[in-house]
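A look at the structure
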Amino acid sequence: MRYYSLNKQAPAVDFQTATIAGQAPDGGLYFPERIPKFSPNLLHNLSTMPRAEVAFEVIRPYVGNTIPEDVLQKICAETVDFEFPLVPVTERIAALELFHGPTLAFKDVGARFMSRCLGYFSRQQKEPVTVLVATSGDTGGAVADGFLGVEGVEVVILYPSGKVSPLQELQLTTLGQNITALEVRGNFDDCQRLVKQAFLDPHIAAHRQLTSANSINVARWLPQQFYYCYALQQWTQKSPPVVAVPSGNFGNICAGLLAHASGLPIGHFVAACNANSAVADYLRTGTFSARTAVVTLSNAMDVGNPSNFGRILELFGQSHSGVSQLVSGAIISDQQTKETIRRVHQATGYLLDPHGAVAFKALEDYLADHPTDQGIFLETAHPVKFPEVVEPVIGRMVPVPEAVQGLLSRTKHSILLEPEYAALQEFLLR
Ligand SMILES: *Cc1c(COP(=O)(O)O)cnc(C)c1O
């Protein structure tokens, strides 16, 4: 499989080169040259196939011969060695829980897969690779955990001081080894600006091989197709589900659309957005305009100019009618998010996180207009990651799961950084 740049000004490359580079040299996102069809074996035997085997079948054509089969099998097995349960919440709505990984957010799958691929590739590289990433919370923890101890890879994470939750900060700052956390005196936009500047800086390029670990990177984006397969594995209804995806950078839903294009039976997609509604507006009107991000309760979705939107358009041959037939947009306010968390908890006992709540509400509204359909929403993070939102709404504490209790006693290590490029440059050239 080869990948071309959506800007069309750079040569096509294989999976290895696309993974190491992150973004194409012309600044475009890499996109697969063709969309492989899932095998009849996969589609017919999905419900009984082991998770790791599903992952391997789905990803193998994308990886091509850049990773030997036995190594890729091992990578897949390690990537998905936790549960992805489909939990009924109401008669017509089930939650696909994607938060049973080590950092309690769905980004674990992409981060674990990418880190292991990069670890394999870096064995053949002379120079170590530096993963540089800005985080508003969840990405950093998943990337830190996924890359911990991977030889030949150094990880540098920028996060906004005082603007991530305490649990998220501990996930970023307590691991040590090859993981460094830079605590930026600024906001997430500052972090992202510094990272973007570093990627364009020839002095840095002469000094180290930089790569990104957000969903721009094909090795983080593509394995998200697994979720949709695991949802279908557990789906017992006759007609295909409507799937609602809480969306920020639109990497996750774009992977779902890819799986659909490969033959996975999904009836319809709902792109669930908070007030950052550029794509939802596009789906309704056919006109796209990027915005500056506004702050909401579902902060991992606070993206004004989603980077994977270009991939979605490419998948549908730039056709607005093509996309909007399969995908509806929904815009859910903070007020509705809180109201949904409270109402669902009261009525069913199920505790949503703010991102899952946006998707639940968007799905509920869609199903109200489509009375014969049933659906699944992706619950992308554990509610304990957002206690400041969830606890006042339900009027009680959220117990900390065992998986992260150990974090609470660990010591934070971060390097304070002024929000100026010179400071980051000095750190990277040290
Ligand atoms: C990153 C994230 C999202 C948004 O996913 P995209 O792929 O960027 O659309 C949703 N929910 C949570 C909890 C996240 O961390």
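Residues numbered from 1 in each chain as written. Predicted model: local features only at pLDDT ≥ 70, side-chain atom pairs only at ≥ 80, totals over all residues. Heavy atoms only, no water.

In plain terms, the rule: UniProt positions are given in the numbering used here, feature names are shortened, and annotations may be inferred rather than shown by experiment.
Going by an unreviewed UniProt entry, the protein carries the name Threonine synthase and comes from Hymenobacter qilianensis. What UniProt states about the protein under its Sequence similarities (unreviewed entry) heading is, verbatim, "Belongs to the threonine synthase family." For the record of the protein, the UniProt heading Cofactor (unreviewed entry) holds the text "pyridoxal 5'-phosphate".

1. What about the overall build of the protein?
The cut-off we apply is this: Only DSSP runs of H or I reaching four residues or more are called helices, and only runs of E reaching two or more are called strands; each is numbered from the N terminus. Here the globule rule reads 2.2 Å times residues to the power 0.38, and the radius of gyration is calculated from C-alpha atoms. Each residue is assigned to one of three classes by its accessible area relative to the maximum for its type, calculated with a 1.4 Å probe on protein chains only: buried under 20%, partly exposed between the two thresholds, exposed over 50%. Only heavy atoms enter the contact rule, under which two residues are in contact if any of them lie within 4.5 Å. Computed with a 1.4 Å probe, the accessible areas rest on the Shrake-Rupley method; for each residue, only the protein chains presented here act as cover. In this count, Lys and Arg are taken as positive residues and Asp and Glu as negative ones, while His and the chain termini are left out. For the purpose of locating charges, the reference atoms are NZ of Lys, CZ of Arg, CG of Asp and CD of Glu.
When its secondary structure is counted, the protein shows 20 helices and 14 strands. For the protein, whose C-alpha radius of gyration is 20 Å, the value lies close to the compact-globule estimate of 22 Å for 430 residues. Projected onto its principal axes, the C-alpha positions of the protein cover 60 × 50 × 40 Å. The buried share of the protein, taken over its 430 residues, is 58%. For the protein, contacts bridging at least 24 residues in sequence account for 75% of all contacts bridging at least 6. As displayed, the protein has an accessible area near 17100 Å², and 51% of this comes from carbon and sulfur atoms. Across the protein, the mean location of the 32 positive side-chain charges is 2 Å away from that of the 40 negative side-chain charges.

2. Topic: the side chain of Asp-108
Cut-off, in case you're wondering: Whenever Lys or Arg places a side-chain nitrogen within 4 Å of a carboxyl oxygen from Asp or Glu, that contact is recorded as a salt bridge.
Relative to the elements of secondary structure, Asp-108 occurs in helix α5 (residues 107-122). Summary of buried charges: Asp-108 has no salt-bridge partner, and the nearest side chain of opposite charge, Arg-112, is 6.1 Å away. Among residues more than four places away in sequence, those in contact with Asp-108 are Phe-82, Gly-101, Pro-102, Thr-103 and Ala-142.

3. Details of the nonpolar core
The criterion, for reference: Residue types Ala, Val, Leu, Ile, Met, Phe, Trp, Tyr and Cys, when buried and joined through side-chain atoms within 4.5 Å, form a set referred to as a nonpolar core.
Counting residues in each nonpolar core, the largest one holds 102 residues, and the members touching the most others are Tyr-3 and Phe-15. Per-element accounting of this core gives the leading share, 8 residues, to α5. Residues in contact with Phe-15, not counting those within four places in the same chain, are Met-1, Tyr-3, Tyr-62, Val-63, Thr-66, Ile-67, Phe-113, Cys-117, Phe-121, Val-218 and Ala-219. Counting residues in each nonpolar core, the second largest holds 35 residues, with Ile-341, Ala-357, Val-358 and Val-393 among its members.

4. Observations regarding the sheet that holds strand β1 (residues 2-5)
Rule in force here: Strand pairing is assigned whenever DSSP identifies at least 2 bridges connecting the two strands.
Taken together, 3 strands build an open sheet; the order of strands is β2-β1-β3 and the sheet is antiparallel. A strand with exactly one partner marks an edge of an open sheet, and here the two such strands are β2 (13-14) and β3 (30-32). Of the pairings in the sheet, the one linking β1 to β2 comprises 2 bridges and is antiparallel in character. Looking at the pairing, Arg-2 lines up with Asp-14 of β2.

5. Focus on the UniProt feature "domain: Tryptophan synthase beta chain-like PALP" (unreviewed entry) in the protein
In this numbering, the UniProt entry assigns the feature "domain: Tryptophan synthase beta chain-like PALP" (unreviewed entry) to residues 96-366. Note that residues 96-366 is 46% helix and 15% strand, and that its end C-alpha atoms are spaced 17 Å apart.

6. Overview of the site of the ligand
Under the convention used in this document: One heavy atom within 4 Å of a molecule or strand is enough for the residue carrying it to be called near that molecule or strand. Under this definition, polar contacts are N or O atom pairs within 3.5 Å; protein pairs additionally need one hydrogen-donor-capable and one acceptor-capable atom, and for neighbouring residues in sequence, both atoms have to be side-chain atoms. Classification used: nonpolar for Ala, Val, Leu, Ile, Met, Phe, Trp, Tyr, Cys and Pro, charged for Asp, Glu, Lys and Arg, polar for all others including Gly.
The immediate surroundings of the ligand are formed by 15 residues, with Lys-107, Asp-138, Gly-248, Asn-249 and Thr-380 found nearest. Interatomic distance of 3.2 Å between a backbone N/O atom of Gly-251 and an oxygen atom of the ligand. Here a nitrogen atom of the ligand and a side-chain polar atom of Thr-380 are 2.8 Å apart. For the shell around the ligand, the per-class residue count stands at 6 nonpolar, 7 polar and 2 charged.

7. Concerning the sheet that holds strand β7 (residues 153-160)
Sheet strands associate in pairs through backbone hydrogen bonding, adopting either a parallel or an antiparallel arrangement. Filter applied, for reference: The convention used is that axes are lines fitted to C-alpha atoms, helices contributing only their stretch in contact, and that angles between N-to-C directions extend from 0 to 180 degrees.
Ordered in space as β9-β6-β7-β8-β14, the 5 strands form an open sheet in which the pairing is parallel. Each edge of the sheet is formed by a strand with only one pairing partner; in this case those strands are β9 (209-211) and β14 (415-417). On average, adjacent strands in this sheet sit at an angle of 30 degrees to one another, irrespective of strand direction. Of the strand pairs in this sheet, strand β6 (residues 129-134) and β9 are connected by 3 bridges, and their pairing is parallel. The residue of β9 that forms the bridge with Val-131 is Thr-211. Contacting β6, β7 and β9, α5 runs over the sheet at an angle of about 155 degrees to β6.

8. Here we look at the pairing of strand β11 (residues 268-273)
What counts is decided by this rule: By convention, a crossover is right-handed whenever its connection, traced from the first strand over the helix to the second and viewed with the strands pointing away, goes clockwise.
In terms of residue burial, β11 counts as a mostly covered element, since 6 of its 6 residues are buried. Of the two faces of β11, the one holding His-268, Val-270 and Ala-272 and the one holding Phe-269, Ala-271 and Cys-273 are both buried throughout. Pairing analysis gives 5 bridges linking strand β10 (residues 242-246) to β11, with the strands arranged parallel. Paired with Ala-244 across the bridge in β11 is Val-270. For the crossover that starts at β10, traverses helix α12 (residues 251-261) and ends in the parallel β11, the hand is right-handed.

9. Digging into the environment of Met-1
Within the secondary structure layout, Met-1 lies in the segment before β1. Taking the C-alpha atoms as reference points, Met-1 and Gly-64, 63 residues apart in sequence, are found 5.6 Å from one another. Those residues within four positions of Met-1 in sequence are excluded, and the remaining contacts are Val-13, Asp-14, Phe-15, Pro-32, Glu-33, Arg-34, Pro-36, Pro-61, Tyr-62 and Gly-64.

10. Quick look at the UniProt feature "modified residue: N6-(pyridoxal phosphate)lysine" (unreviewed entry) in the protein
Under the feature "modified residue: N6-(pyridoxal phosphate)lysine" (unreviewed entry), the UniProt entry names Lys-107. Relative to the helices and strands, Lys-107 resides in helix α5. Those residues in contact with Lys-107 that lie beyond four places of it in its chain are Asp-138, Thr-139, Ala-142, Arg-220 and Ala-300.

11. Some points on the state of the cysteines
Simply put, the disulfide is a covalent bond whose two ends are the sulfur atoms of two cysteines. Which entries qualify depends on this criterion: In plain terms, two cysteine sulfur atoms within 2.5 Å form what is called a disulfide here.
Applying the stated rule across the entire model yields 0 disulfides. Counting only cysteine sulfurs, Cys-76 is the nearest neighbor of Cys-117, a cysteine outside any disulfide, at a range of 8.0 Å. The structure places no disulfide on Cys-273, whose sulfur is separated from the nearest cysteine sulfur, that of Cys-254, by 14 Å. The class for Cys-273 is buried, based on a relative accessible area of 0%.

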